[in-house]
Each structure stands twice: as structure tokens, then as C-alpha cells.
Amino acid sequence: YVTGRAEVLAKGETAWKPLRVGSLLSMEDEGRTGEQSRVEIRLPDRSILRFDQKSTFKMKSLFFDAQDGSRDLKVEIPVGKTWANVRKAFGPKKTFEVASANAVAGVRDTVWRMSVEPDQSTMIRVYEGTVEVYSPFVKPDYKPEETGFKAPREVRGPQEVARPFQE
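Note that this is a predicted model, so its numbers are computed, not measured.

Novice: How would you sum up the overall build of the chain? Please name residues and give values.
Specialist: Summing up its helical and strand segments, the chain has zero helices and 13 strands in all. Listed by position from the N terminus, the elements making up the chain come as β-β-β-β-β-β-β-β-β-β-β-β-β. Relative to the 2.2 N^0.38 estimate, which gives 15 Å for 167 residues, the radius of gyration of the chain is 20 Å and therefore markedly larger than a compact globule would have. In terms of its C-alpha atoms, the chain occupies a principal-axis envelope of roughly 60 × 50 × 30 Å. Each of the 167 residues in the chain was classed as buried or not, and the buried ones make up 31%. Counting contacts in the chain only where the partners sit at least 6 residues apart, residues at least 24 apart contribute 40% of the total. In the form shown here, the chain has an accessible surface area of approximately 11600 Å², with 50% of it arising from carbon and sulfur atoms.

Novice: Help me get a handle on the nonpolar core, residues and values and all.
Specialist: Counting residues in hydrophobic clusters, the biggest one holds 23 residues, and the most contacted among them are Ile41, Leu49, Phe51, Val75, Phe96, Trp112 and Met114. Counting residues per element, the ones that place at least two in this core are strand E2 (6-9), strand E5 (38-42), strand E6 (48-51), strand E7 (56-65), strand E8 (70-86), strand E9 (94-99), strand E10 (104-107) and strand E11 (110-116). At five residues, the largest contribution of residues to this core is made by E8. Look past the residues within four positions of tryptophan 112 in its chain and what remains in contact with it is Thr82, Trp83, Ala84, Val86, Val98, Ala105, Val107, Ile124, Arg125, Val126, Tyr127 and Val131.

Novice: Let's hear about the environment of serine 100: which residues, and what values?
Specialist: Within the secondary structure, serine 100 sits in the loop between E9 and E10. Under the relative-accessibility criterion, serine 100 is labelled buried at 9%. Note: C-alpha distance between serine 100 and isoleucine 77 (23 residues apart in sequence) is 5.2 Å. Discounting chain neighbours no more than four positions away, the residues touching serine 100 are Ile77, Met114, Val116 and Thr122. Within the structure, the side chain of serine 100 is placed 2.8 Å from the side chain of threonine 122, a separation counted as a polar contact.

Novice: Provide a residue-level description of the packing of aromatic side chains, including the pertinent values.
Specialist: One pair of aromatic rings is described through two measures. These are the centre distance and the angle between the planes. This structure, assessed with the given rule, holds one aromatic pair. Their ring planes at 10 degrees and their centres at 3.9 Å tell us that phenylalanine 51 and phenylalanine 57 sit as a pair that is stacked. In this structure, phenylalanine 51 and phenylalanine 57 share a single accessibility class: buried. The ring centre of tryptophan 16 lies 3.9 Å from the NZ or CZ of arginine 32, which sits over that ring.

Novice: Lay out the environment of lysine 93 with the relevant residues and their values.
Specialist: Here lysine 93 lies in the loop between E8 and E9. Judged by relative accessible area, lysine 93 falls into the partly exposed class, the value being 41%. For lysine 93 and arginine 20, which are 73 residues apart along the polypeptide, the C-alpha to C-alpha distance reads 30 Å. Setting aside chain neighbours within four positions, we find lysine 93 in contact with Gly69, Ser70, Arg71 and Asp72.

About the thresholds
Residues numbered from 1 in each chain as written. Predicted model: local features only at pLDDT ≥ 70, side-chain atom pairs only at ≥ 80, totals over all residues. Heavy atoms only, no water. Helix = DSSP H or I, 4+ residues; strand = E, 2+ residues; numbered from the N terminus. Rg over C-alpha atoms; globule rule 2.2 N^0.38 Å. Buried < 20%, exposed > 50% of the residue type's maximum accessible area, 1.4 Å probe, protein only. Contact = heavy atoms within 4.5 Å. Areas by Shrake-Rupley, 256 points an atom, 1.4 Å probe, with all protein chains shown as cover. Core = buried A, V, L, I, M, F, W, Y, C linked by side-chain atoms within 4.5 Å. Polar contact = N/O pair within 3.5 Å; in protein donor to acceptor, adjacent residues only side chain to side chain. Phe/Tyr/Trp six-rings, centres within 6.5 Å; stacked < 30°, edge-to-face > 60°. Lys NZ or Arg CZ within 6 Å of the ring centre and 35° of its normal.

Okay, structure coming up:
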């Protein structure tokens, strides 16, 4: 679904072309929507990814395997709003990630929204299901494929803070 003005810049191209119903997107393709425009992308696993007006996005990884139900989808959204209805994946690869400059959201079997403002602040709303959000700059103390976390460590306790100045 496309309404208004939406464009795509294919990998290796220098000119933006109109994005139309039935267009195919490939890995490393970039897209953008204009004022009062929207795009809905239906993925091979029947998941839906929508972009609202004044949004830009880049398809970083697009892998779907109908044989075993695997999926590896990664999208960058520098600015704008996206909404997704993500179907459950059954194969060994189940990745569906949308990344802004300061947050990565990984989902499966979820209905959710991500808004990235021009100041790079990111807001995520979950309507149904679960979204895992992490910072691409912070390495976690655990690895998802391992069981458990690193050993606990003592942290500094709370301290009293001086009252604000009063006249």
C-alpha cells in the first residue's frame, strides 16, 4: 500500500525512484515517505511493516526461507514512525529487528510501534506481544544463547541528597 509520495533508492543507484504498489525491495535499499504519505510493506511471512509520513528507512537484511520458516529482517529507521504486525517465525532464524540511532527493538509475534524523532529520541509502544529493546552501544553482561547472567556484584547503596535551596 502506498499513499502520497514515497521513494526508494536502490543499492548502487544515485537517483530516487517512486515506490509503487508491487515494488520489490532488496537488501541495502533505502526508502522515504513525504508529507502526508504512508507505505505498507507486506513481507513474505505475511508480517506487515508500515512507515508514516516523513520517515526514512534502510533495509539492512532481508532473508526469508519458505522451506523452514526462517527469517532475518533488519531495518534501520533514522527518523520517522513505523508500525509492525510481526508474525511468529518457526525456523531456526527468527530475527525481526528495527533499529534507530540509539535503540534496537527485536520482536516476534507482536504488534508494536516505534517513533524516532529528529533529536534521535526513540519511543516504542507495544500493543500486543513482547518487544526486546537494547542499546547498540552497551554490551550486555550475558549472552542470550547462554543460560543465566554473570555473577552478582555489590553496588553502592542509596545516599542522601542535599535539599534544594529555599528562600
